[in-house]
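In case you want the letters, here they are:
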Amino acid sequence: MSDDGALVLFSGGQDSTTCLAWALERFSRVETLGFDYNQRHRVELDRRAILREAMAGMNPAWLRRLGRDHTIALDALGKVSETALTRSTEIALEAGGLPNTFVPGRNIIFLTFAAALAYRRSLGHIVGGMCETDYSGYPDCRDDTIKALQVALNLGMDRRFVLHTPLMWIDKAETWTMAQDLGGRPLVDLIVEDTHTCYLGTRGERHAWGYGCGTCPACELRAKGHAKFVAEAA
Ligand code: ZN
């Protein structure tokens, strides 16, 4: 147990919710950070308060450790990501399976803001749900990017931040298993019911793995991981 607190990048999705549980098990003080930068992510952001409250109610230690929630509005990032909209094109999926609202290097920007906030809040650890295993399309999720950024942030802010990415080397099925290990059935059920992962921002139909359009790459990945998790648990 570290007394050096942690800041969790918390979007309200499956991955960041699992990361929040991971941090609540390890750090005596845990604060959360969400970024508000375009409408597509509003659904996901709206889940955050619901999830925080439910997780605090699951475990007295988690309740004690869960601290403030922060939201940073990144309008500029929204403007870059909405280039698809200003060109009057539909939100669509490009060849690599990424939505055309994807902002290159987004996680570099997120982690830089997170470090600035962690500096102000005297938090020594920053936790994010970046993952190499399932996200071939996002170079800013790769381990080398995160490690390079840790060095750059520590040099630039004269701190010893530790960037944690507990999901980096596991697949989506193992992320469900991690949630099960951290919070048992109640946490798995909460993730199914209340997290949001779908690229299209739709709650849509309730599937075995939760809500979403069911056909975008994020939904497909989540569905596939959940099916494998259920099969292995059976
Ligand atoms: Zn979807």
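Residues numbered from 1 in each chain as written. Predicted model: local features only at pLDDT ≥ 70, side-chain atom pairs only at ≥ 80, totals over all residues. Heavy atoms only, no water.

The name an unreviewed UniProt entry gives the chain is 7-cyano-7-deazaguanine synthase, with Methylobacterium marchantiae as the organism. Here the chain is described in UniProt, under the heading Catalytic activity (unreviewed entry), as follows: "7-carboxy-7-carbaguanine + NH4(+) + 2 ATP = 7-cyano-7-carbaguanine + 2 AMP + 2 diphosphate + 2 H(+)". (UniProt positions renumbered as here; feature names shortened; annotations may be inferred.)

Asker: Got a minute to help me understand the UniProt feature "binding site: ATP" (unreviewed entry) in the chain in this structure?
Answerer: When the UniProt feature table is mapped to this numbering, "binding site: ATP" (unreviewed entry) covers Phe10, Ser11, Gly12, Gly13, Gln14, Asp15, Ser16, Thr17, Thr18, Cys19 and Leu20. By secondary structure assignment, the location of glycine 13 is in the loop between strand S1 (6-9) and helix H1 (14-26). What makes glycine 13 buried here is its relative accessible area of 7%. Apart from residues no more than four positions distant in its own chain, glycine 13 is found in contact with Glu44, Thr195 and His196. Tracing the backbone through its elements, the reader meets aspartate 15 in helix H1. (Helix = DSSP H or I, 4+ residues; strand = E, 2+ residues; numbered from the N terminus. Buried < 20%, exposed > 50% of the residue type's maximum accessible area, 1.4 Å probe, protein only. Contact = heavy atoms within 4.5 Å.)

Asker: Explain the sheet that holds strand S5 (residues 162-164) to me, please; I cannot follow it from the model alone.
Answerer: Strand pairing within a sheet occurs via backbone hydrogen bonds; the two strands may be parallel or antiparallel. The strand order across the open sheet formed by five strands is S3-S2-S1-S4-S5, and the pairing between neighbours is parallel. Each having just a single partner strand, strand S3 (66-73) and S5 make up the two edges of the open sheet. The sheet shows a mean angle of 20° between the axes of neighbouring strands, direction not considered. Judged from the six bridges that link them, strand S2 (residues 30-36) and S3 form a sheet pairing that is parallel. If you follow phenylalanine 35 over to S3, its bridge partner there is isoleucine 72. (Pairing = 2+ DSSP bridges. Axes fitted to C-alpha atoms, helices over the stretch in contact; angles between N-to-C directions.)

Asker: In this structure, what is going on with the coordination of the zinc ion? I would like to understand it.
Answerer: Six octahedrally arranged donors around a metal ideally form angles of 90 or 180 degrees; four tetrahedrally arranged donors ideally form angles of 109.5 degrees. Around the zinc ion, the protein contributes the donor atoms Cys198 (SG), Cys213 (SG), Cys216 (SG) and Cys219 (SG), which lie 2.3 to 2.4 Å from the metal centre. In this structure, the zinc ion is coordinated by four donor atoms arranged in tetrahedral fashion, with angles at the metal of 104 to 116°. Sequence spacing among the residues donating to the zinc ion works out to C-x14-C-x2-C-x2-C. (Donors = N, O, S within 2.8 Å, 3.2 Å for Na, K, Ca; no water. Tetrahedral: all angles 85-135°; square planar, octahedral: opposite > 155°, others 65-115°.)

Asker: Is there a simple way to explain helix H9 (residues 217-233) in this structure?
Answerer: For an α-helix, 3.6 residues make a turn, and residues three or four places apart therefore share a direction. The terminal C-alpha atoms of H9 lie 24 Å apart, and with 17 residues this matches the ideal 24 Å at 1.5 Å per residue to within 8%. Among the residues making up H9, those that are buried are Ala218, Cys219, Leu221, Arg222, Gly225, His226 and Phe229. For H9, the buried positions fall inside an angular range of 160° around the axis, keeping them on one side. In H9, those exposed residues whose orientation departs by more than 90 degrees from the buried face are Lys224 and Ala231. Residues of H9 that are buried sit in contact with H1, helix H8 (172-194) and strand S7 (210-212). (Expected span 1.5 Å × (residues − 1). Arc of directions from axis to C-beta.)

Asker: Help me understand the packing of aromatic side chains in this model?
Answerer: Any aromatic ring pair is given by two values, namely how distant the centres are and how the planes are angled relative to each other. In the structure shown here, the tally under the stated rule is four aromatic pairs. Ring geometry for tryptophan 176 versus phenylalanine 229: centroids 6.2 Å apart, planes at 20°, classification stacked. With tryptophan 176 in helix H8 and phenylalanine 229 in helix H9, this pair connects stretches of sequence that are 53 residues apart. Judged by relative accessible area, tryptophan 176 falls into the buried class, the value being 0%. An aromatic cluster of three or more residues is present, and its members are Phe35, Tyr37 and Phe110. For the cation-ring pair, arginine 159 lies above tyrosine 119, with the distance from its terminal atom to the ring centre recorded as 4.0 Å. (Phe/Tyr/Trp six-rings, centres within 6.5 Å; stacked < 30°, edge-to-face > 60°. Lys NZ or Arg CZ within 6 Å of the ring centre and 35° of its normal.)

Asker: Honestly, the pairing of S2 in this entry has me stumped. Any pointers?
Answerer: For a regular strand, side-chain orientation follows a simple rule: the groups alternate between the two sheet faces. With respect to burial, S2 is a largely interior element, six of its seven residues being buried. Looking at chain direction, S1 and S2 are connected through four bridges and run parallel. If you follow alanine 6 over to S2, its bridge partner there is valine 30. Regarding the hand of the β-α-β motif, the stretch spanning S1, H1 and S2 is right-handed. (Right-handed = clockwise from strand over helix to strand, strands pointing away.)

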